[in-house]
Amino acid sequence: LVHFLRSGGGVPETPGLEPLRTGVGGHGLVYSIGSDGGLGMEDLVEGPPTVLLRSDMDALPLLEQPEEISVETAERHRAPCSRRPGVHHACGHDGHAVMLAAALLHLNSCRSSLSSHFCPTWRVLAVFQPAEETGDGARMMIEEAPELFNPKVVSNGAFGMHNIPGKKQGNVIVRSGVAARASTGIEIEVTGRSSHASEPHNGLSPIPVLANVAQKIDQLSTGISEPEATSPALITLVHMTIGKPGDFGVLPAIGTLGATLRADNTRTLNKLVASLVDLVHEEARRPEANDDNGYHIQYKLVEPFDATVNSDFGFSVVKKAVSSLSTNQYRVYQEDGGASHVSLDLTIAPKPFPWSEDFGAFTAACGSGALFGLGAGVDHPVLHAKEYDFNDRLIPMGADLWVSIVQEALRPSE
């Protein structure tokens, strides 16, 4: 599997296993294994206790660090540069897929042991999900296969993992409640009237409206965050476009403003969206626009993510899984080139991850579960950076975590 990852492949093969479903939500794959081997669609309803494990697998439209490297070298080694320029696994989803594939192969090889020690009859659904980066993948898979993703089928929780640069290798980060914040992009278009630049009084420029909104945008989150929030709501202005460069003879009629909004929960996020739209309308009520040909305003949300919420059960399962692996030692490399061994340890996060994750659609659809992080190294390049490359030393840690989570999720309540 490590060799596969270093070859620059997409989704690792799982020898001896055939997917239950392919092409779900676009390119999604679902595998099913259980106490009696692979299970078909007819076995889903009223089936045995079932755990869902999910890995994302999509890349990003980014260039990696510009190093001189031949295609042949990229194919032989863990390429510091993608074999497909402009396609970069800058979030580590290739590594996530390999960890889940490794766990799936191990679970399939020790079915009888799981049945003997944890649960006589059981099932694991392993989900390889596309389009996490856009927030569409989980939703599309669930909409296309609701018969798979519901509490009657996934009775023992849905679990997702993400590598976390900046945290030491082997550190597992989890919390109960909100695990990843809700967010959305928003594009607002304000249309006035164009005119000759020498006669601005005959036009209606969107510039005053958008300029005032840009100045006041930081104030909107004040008073919107709710008491239980761990972090204040946040609006980040990301772009503003009015007119065309080099066009000095026209007062432009159309301007657009783009922003990213974040909050601890979806309810607060919706309030933030409404407040921003209200502000734009308020600024558009200008004296010069008080006629039938005033400003026209429209907006759209881009890549919305609901908050990802961990259940108490999912949180407990992850904690127990880490504890059961606490004596395991994993070989890792240090920044000075040396090697050492680390064990898994647990951090209860005081706040949600600041980024968003569409895995929350699975926990919501299946009724329980948890998203957790696995430290990739204190000095590891950050996610979405051109220098980022998945830390291969996480593979055995992640695979063991998946297996332990299955065991703890299936373990009968005491």
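Up top is the structure.
Let me begin by describing the structure that accompanies this report. (Residues numbered from 1 in each chain as written. Predicted model: local features only at pLDDT ≥ 70, side-chain atom pairs only at ≥ 80, totals over all residues. Heavy atoms only, no water.)

## Here's the deal with the overall build of the protein chain
Part 1: The secondary structure content of the protein chain amounts to 10 helices and 19 strands.
Part 2: Expressed as a percentage of its 414 residues, the buried residues of the protein chain come to 51%.
Part 3: For the protein chain, the computed accessible surface area is about 19,000 Å², with 52% contributed by carbon and sulfur atoms. (Helix = DSSP H or I, 4+ residues; strand = E, 2+ residues; numbered from the N terminus. Buried < 20%, exposed > 50% of the residue type's maximum accessible area, 1.4 Å probe, protein only. Areas by Shrake-Rupley, 256 points an atom, 1.4 Å probe, with all protein chains shown as cover.)

## A closer look at the packing of helix α6 (residues 207–216) against helix α7 (residues 266–284)
Part 1: At a minimum axis distance of 9 Å, the contact between α6 and α7 shows a crossing angle of 135°. Put simply, α6 runs oblique to α7. Both α6 and α7 take part in a crossing whose hand is right-handed. Contacts between α6 and α7 involve Val 209, Asn 212, Val 213 and Lys 216 from the former and Leu 276, Leu 279, Val 280, Glu 283 and Ala 284 from the latter.
Part 2: Within the contact of α6 with α7, the residues separate by chemical class into 6 nonpolar, 1 polar and 2 charged. (Axes fitted to C-alpha atoms, helices over the stretch in contact; angles between N-to-C directions. Parallel < 35°, antiparallel > 145°, perpendicular 65-115°, else oblique. Left-handed = near helix turned anticlockwise from the far one by under 90°. Contact = heavy atoms within 4.5 Å. Nonpolar A, V, L, I, M, F, W, Y, C, P; charged D, E, K, R; others polar.)

## A few points about the sheet that holds strand β13 (residues 254–263)
Part 1: If you walk across this open sheet you meet the 4 strands as β11-β13-β9-β14, and the pairing is antiparallel. Each end of this open sheet is capped by a strand with a single partner; those strands are β11 (234–242) and β14 (296–305). When strand polarity is set aside, the average angle formed by the axes of neighbouring strands in this sheet is 15°.
Part 2: With 8 bridges joining them, β11 and β13 adopt antiparallel strand pairing. Counted as the bridge partner of Ile 242 is Gly 255 from β13.
Part 3: Packing against the sheet, α7 makes contact with β9 (182–191), β11, β13 and β14, and its axis sits at approximately 15° to β9. (Pairing = 2+ DSSP bridges.)

## What to know about unusual backbone geometry
Part 1: One non-glycine residue, Ala 131, adopts positive backbone phi at about 55°.
Part 2: Considering the arrangement of structural elements, one finds Ala 131 in the loop between β5 (123–129) and α5 (137–144).
Part 3: Phi at Glu 303 is positive, roughly 50°, even though this residue is not glycine.
Part 4: Checked against the element boundaries, Glu 303 lands in strand β14.
Part 5: On the accessibility criterion, Glu 303 (39% relative accessible area) is partly exposed.

## Structural notes on the pairing of β9
Part 1: Buried residues dominate β9, accounting for 8 of its 10 residues.
Part 2: Of the pairings in the sheet, the one linking β9 to β14 comprises 8 bridges and is antiparallel in character. Looking at β14, one finds that Glu 189 is bridged to Gln 298.

## Points about the nonpolar core
Part 1: Formed by 52 residues in total, the largest nonpolar core has its most connected members in Leu 53, Phe 159 and Trp 402.
Part 2: Here this core gets 10 residues from one element, more than from any other, and that element is helix α10 (residues 394–410).
Part 3: Apart from the residues lying within four places of it in its own chain, the contact partners of Leu 53 are Leu 100, Leu 107, Val 124, Leu 125, Ala 126, Val 127, Phe 159, Trp 402, Ile 405 and Val 406.
Part 4: Membership of the second largest hydrophobic core comes to 29 residues, among which are Ala 182, Leu 220, Val 277 and Ala 307. (Core = buried A, V, L, I, M, F, W, Y, C linked by side-chain atoms within 4.5 Å.)

## Focus on the packing of aromatic side chains
Part 1: Scanning all chains against the criterion turns up 5 aromatic pairs.
Part 2: Each ring, one from Phe 359 and one from Phe 362, has its centre 6.1 Å from the other, and the planes form 40°; the classification is tilted.
Part 3: A relative accessible area of 0% means that Phe 359 is categorised as buried.
Part 4: Given the relative accessible area of 0%, Phe 362 is considered buried.
Part 5: Clustering of aromatic rings is evident, with ring pairs tying together Phe 149, Phe 359 and Phe 362. (Phe/Tyr/Trp six-rings, centres within 6.5 Å; stacked < 30°, edge-to-face > 60°.)

## A closer look at helix α3 (residues 93–109)
Part 1: The end-to-end C-alpha separation of α3 is 25 Å, in line with the 24 Å expected for 17 residues at 1.5 Å each.
Part 2: Counting buried positions along α3 yields 14 of 17 residues, so the element is predominantly enclosed. (Expected span 1.5 Å × (residues − 1).)

## What to know about the packing of helix α8 (residues 312–324) against α10
Between two packed helices, the angle of one axis relative to the other and the distance separating the axes together describe the packing.
Part 1: Between α8 and α10, the least distance of the axes is 8 Å, while the angle of their chain directions is 120°. As the angle between them shows, α8 and α10 are arranged oblique. Crossing hand, α8 versus α10: right-handed. Packed against α8, whose contacting residues are Phe 313, Val 317, Val 318, Lys 320, Ala 321, Val 322 and Ser 324, the element α10 presents Leu 401, Ser 404, Ile 405, Glu 408 and Ala 409 at the interface.

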